[in-house]
Amino acid sequence: MSKSVVTFETFEVNKEAEIVIGLFFRDGKPFGHGHYSKDEKDGNLNIAFREGEELNYNIGELVVAVNNATGVIKGLFGHRLTRVDGVVDRTIEAYLKEKKSVA
C-alpha cells in the first residue's frame, strides 16, 4: 500500500507584504493553510490547521511539501502553528474562488 503524500500549492502572493499563501493537500483534499515571507532572512513557515488536525501531520512533511512546490526551505528551524478552523476555511474558499475564475 502506498503512503499518501502531502503537497503544497501556492495560489496567492501578497506583493505589498511579500507573503506567499498556499494550501497543504493530502490525496487531493486541502487540509491546512500555510504562508511564509519571501524575505530570505525569515525562515519561518506559518501553518494553520482545523482544531485537532495538527496531530495527523508532522512538520517534516510540511517543510518538504513547501520545498518541493516552491524550491524554498521554510519551517525547518522555525514554524508557527495555529489551530483555527476559520483560517483554513477562508483559505480554501479563496483558493476555490481563484481556481474557478481561472477556469
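It should be noted that the structure appears before, not after, this text.
Since the structure is predicted, the reported quantities are computational estimates derived from the model, not experimental observations.

Observations concerning the overall build of the protein
Right, so step 1: For the protein, the count of helices and strands is 2 helices and 5 strands.
Right, so step 2: Along its sequence from the N terminus, the protein presents helices and strands in the succession β-β-β-β-α-β-α.
Right, so step 3: Relative to a compact globule of 103 residues, whose C-alpha radius of gyration would be 13 Å, the protein shows 13 Å and is just as compact.
Right, so step 4: Referenced to the eigenvectors of the C-alpha coordinate spread, the extents of the protein come out at roughly 40 × 35 × 25 Å.
Right, so step 5: The long-range fraction of contacts in the protein, counting pairs at least 24 apart against all pairs at least 6 apart in sequence, stands at 51%.
Right, so step 6: A distance of 2 Å separates the average location of the 14 positive side-chain charges in the protein from that of its 16 negative side-chain charges.

A short note on the nonpolar core
Right, so step 1: Within the largest apolar cluster, 13 residues are counted, with the highest numbers of intra-cluster contacts made by Val 6, Phe 24, Phe 31 and Leu 62.
Right, so step 2: For this core, the secondary structure elements donating two or more residues are strand E1 (6-14), strand E2 (19-26), strand E3 (29-37), strand E4 (45-49) and helix H1 (59-70).
Right, so step 3: Beyond its immediate chain neighbours, meaning those up to four positions away, Phe 31 contacts Val 6, Phe 24, Phe 25, Arg 26, Phe 49, Glu 53, Tyr 57, Leu 62 and Val 88.
Right, so step 4: Listed in part, the 8 residues of the second largest apolar core include Phe 11, Ile 21, Leu 23 and Phe 25.

A few points about a nonpolar patch on the surface
Right, so step 1: Nonpolar side chains collect at one region of the surface, where Ile 73, Leu 76 and Phe 77 lie side by side and expose about 410 Å² of accessible area between them.
Right, so step 2: Summarising the element assignment, Phe 77 is placed in the loop between H1 and strand E5 (79-83).

Parameters and conventions
- Residues numbered from 1 in each chain as written.
- Predicted model: local features only at pLDDT ≥ 70, side-chain atom pairs only at ≥ 80, totals over all residues.
- Heavy atoms only, no water.
- Helix = DSSP H or I, 4+ residues; strand = E, 2+ residues; numbered from the N terminus.
- Rg over C-alpha atoms; globule rule 2.2 N^0.38 Å.
- Contact = heavy atoms within 4.5 Å.
- Lys, Arg positive; Asp, Glu negative; His and termini not counted.
- Charge placed at Lys NZ, Arg CZ, Asp CG, Glu CD.
- Core = buried A, V, L, I, M, F, W, Y, C linked by side-chain atoms within 4.5 Å.
- Buried < 20%, exposed > 50% of the residue type's maximum accessible area, 1.4 Å probe, protein only.
- Patch = residues over 30% accessible without salt bridge, like charges linked within 9 Å, V, L, I, M, F, W, Y side chains within 5 Å.
- Areas by Shrake-Rupley, 256 points an atom, 1.4 Å probe, with all protein chains shown as cover.
- Salt bridge = Lys/Arg side-chain N within 4 Å of Asp/Glu carboxyl O.

Geometric values such as these leave the question of function open.
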